[in-house]
Amino acid sequence: MQNCKILSIVGARPNFMKIAPFIKAIEKYNSSPQSSKRKVEHILIHTGQHYDVRMSESFFKELGIPEPAMNLEIGSGSHAEQIGSTMIAFEKVIKDQKPDWVVVLGDVNATLACSVIAKKEGYKVCHIEAGLRSYDLSMPEEINRIVTDRLSDLLLTPDLISSENLIKEGIPQGKIRFVGNIMIDTFEASLHKASTLDLWQILKSSLIEGSKLNINKSLDNGYVAITIHRPSNVDKKEILEQIVDFLLQEVTKEFMLVWPVHPRTLKQLNMFRLWEKIVKNKNVVLLEPLSYHEMLRVTMGARIMMTDSGGLQEECCVLGIPCLTMRNNTERPITLTENGGSNILVGNKLEAITTAYNFVRLCECKPSRPALWDGHTAERCLEVILKQD
Ligand code: UD1
């Protein structure tokens, strides 16, 4: 039997946590007796959508991801620019590499661009984290998910709700496999390391220039952590200002606020002149984007998480940390309180945020672990791919 050549694609921060365990699964397979007849040749391509050290390189180092074979250096730009440049660059790569499988992950622009080109060139595509749906087409990620899933030959889902979504869309059942959540593999592998990190040290070493750490204030009675970066929350002044006012007027009355700031959010806060008043508040700790382990440590210690990220909804669910998701919908409904998780959708309107915040301030949450979120998803992904031909 011939070796299996897999080309996998990463582009932006959330991809890195998902590729790390997949590469480890390949290494484990290649060093097992099972591989004596057939090895996996793996080529990693980075599109370069995220390029800052703190948004990209630090994750490679920390999660032990090998240097990509190629970086397409796409960088920032409009969606058309990012997707178009990725397509042009990736077309050359795939023509040259001729893989057996192209593996794409999640829902970023790299996922869409490379799955379209792979199919146009006649290659098989496997989508890891298929079937998530927010049913909100104003989210760029939802468009990326729908197109990628429609084109994929193999759709590996993190939960049964996602498998059902695909069946409802008419995707043949034979292409769909429920494998579990690959990000939880990285979460599981990182829990111990994260728990050994000193919180004050993380805060001190990642402070954004101009932000001060109030050493008189203890974190012992809890802190609220926040991360926001979605265009729906940060691109309009009136929305972002309302969120900032809630944080400064309500949250910091009682708790310290730990805020790792995404580059897009930093830019918007400066542009809308909101930055000055946040920096002045002694109970706000403003941080550069954190590494995966650092962010996990911050999450583990938080009383409440406020976020618009996808991955944090899942991590909070498994940890039992109340998560207020600042969106009107989620593609990860398995994490919601009605399904046993710790996640509540609060959107970005003050009234709903305040009501949910006051509710979770006082309640205890239980950890919840959906089926197959067990740390072994990457191995199942590889097994399914190798069984295909
Ligand atoms: C992208 C993903 C989103 C994911 C997020 C995590 C898409 C459509 N969106 O959104 O799903 O949740 O990554 O971070 O792919 N920037 C830097 N340095 C970097 C990268 C970006 O300064 O290394 C700045 C640029 O000014 C850029 C802005 O951040 O314009 C936004 O970056 P972009 O890659 O366009 O999208 P994200 O908002 O990060």
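Overview of the structure. From a predicted model like this one, the values you see are computed outputs, not experimental measurements.

Focus: helix α1 (residues 13-30)
Across its 18 residues, α1 extends 27 Å between first and last C-alpha, which sits within 8% of the 26 Å expected from 1.5 Å per residue. Along α1, the helix axis deviates most sharply at Ile19, where the bend reaches about 25°; the proline Pro21 sits within four residues downstream. Taken residue by residue, α1 has Asn15, Phe16, Met17, Lys18, Ile19, Ala20, Pro21, Phe22, Ile23, Ala25, Ile26 and Tyr29 as its buried positions.

Observations regarding the nonpolar core
Ile6, Phe22, Ile65, Ile128 and Leu382 are the most contacted members of the largest nonpolar core, which has 42 residues in total. Summarising the domain contributions, this core has at least three residues from each of domain 1 (4-181 + 373-388) and domain 2 (188-360). Discounting residues that sit within four places of it in the chain, Ile128 has contacts with Phe22, Val103, Val104, Leu105, Gly106, Leu156, Ile182 and Cys381.

A closer look at the site of the ligand
Around the ligand, 22 residues are found, and the nearest of them are His50, Asp52, Glu141, His229 and Lys267. Tyr51 is positioned such that a nitrogen or oxygen atom in its backbone is 2.9 Å from an oxygen atom of the ligand. Asn109 places a polar main-chain atom, nitrogen or oxygen, 2.9 Å from an oxygen atom of the ligand. Bound to the protein, the ligand loses 88% of the 750 Å² it would expose on its own. Of all elements in the fold, only α1, α3 (79-97), α5 (140-151) and α11 (263-271) reach the threshold of two or more residues within the shell around the ligand. Its residues placed into classes, the shell around the ligand shows six nonpolar, nine polar and seven charged. Of the residues that make up the shell around the ligand, three or more belong to each of domain 1 (4-181 + 373-388) and domain 2 (188-360).

Re the sheet that holds strand β1 (residues 4-10)
Taken together, seven strands build an open sheet; the order of strands is β3-β2-β1-β4-β5-β6-β7 and the sheet is parallel. Among the strands making up the open sheet, the edge pair consists of β3 (70-71) and β7 (176-178). Sheet topology places β1 next to strand β4 (residues 101-105); three bridges connect them, and they run parallel. Bridging from a neighbouring strand, Ile6 pairs with Trp101 of β4. Lying on the sheet, helix α4 (residues 109-120) is in contact with β1, β4 and β5 (124-128); it crosses β4 at an angle near 160°.

Some points on the pattern of salt bridges
One pass over the full model with this rule turns up 22 salt bridges. Put simply, Lys28 and Glu379 hold a salt bridge, and the shortest N to O gap is 3.5 Å. Separated by 351 residues along the polypeptide, Lys28 in helix α1 and Glu379 in helix α16 (residues 377-388) bring together distant segments of the chain. Here Glu254 and Arg361 are joined by a salt bridge, their closest N and O atoms 2.8 Å apart.

Regarding the packing of aromatic side chains
Scanning all chains against the criterion turns up three aromatic pairs. Centroid distance Phe246 to Tyr357: 5.4 Å. Interplanar angle 90°. Geometry classified as edge-to-face. A residue pair is termed long-range when its members are at least 10 positions apart, and Phe246 in helix α10 (residues 237-254) and Tyr357 in helix α15 (residues 350-362) qualify at 111 residues. Both residues of the pair, Phe246 and Tyr357, count as buried. Members of the aromatic cluster, each reached through a chain of ring pairs, are Phe16, Phe59 and Phe60.

What counts as what
Residues numbered from 1 in each chain as written. Predicted model: local features only at pLDDT ≥ 70, side-chain atom pairs only at ≥ 80, totals over all residues. Heavy atoms only, no water. Helix = DSSP H or I, 4+ residues; strand = E, 2+ residues; numbered from the N terminus. Expected span 1.5 Å × (residues − 1). Bend = angle between axes of the 7 residues up to and from the residue. Buried < 20%, exposed > 50% of the residue type's maximum accessible area, 1.4 Å probe, protein only. Core = buried A, V, L, I, M, F, W, Y, C linked by side-chain atoms within 4.5 Å. Domains from an automatic or database assignment. Contact = heavy atoms within 4.5 Å. Near = heavy atom within 4 Å. Polar contact = N/O pair within 3.5 Å; in protein donor to acceptor, adjacent residues only side chain to side chain. Areas by Shrake-Rupley, 256 points an atom, 1.4 Å probe, with all protein chains shown as cover. Nonpolar A, V, L, I, M, F, W, Y, C, P; charged D, E, K, R; others polar. Pairing = 2+ DSSP bridges. Axes fitted to C-alpha atoms, helices over the stretch in contact; angles between N-to-C directions. Salt bridge = Lys/Arg side-chain N within 4 Å of Asp/Glu carboxyl O. Phe/Tyr/Trp six-rings, centres within 6.5 Å; stacked < 30°, edge-to-face > 60°.

Any functional reading would require information that these geometric values do not contain.
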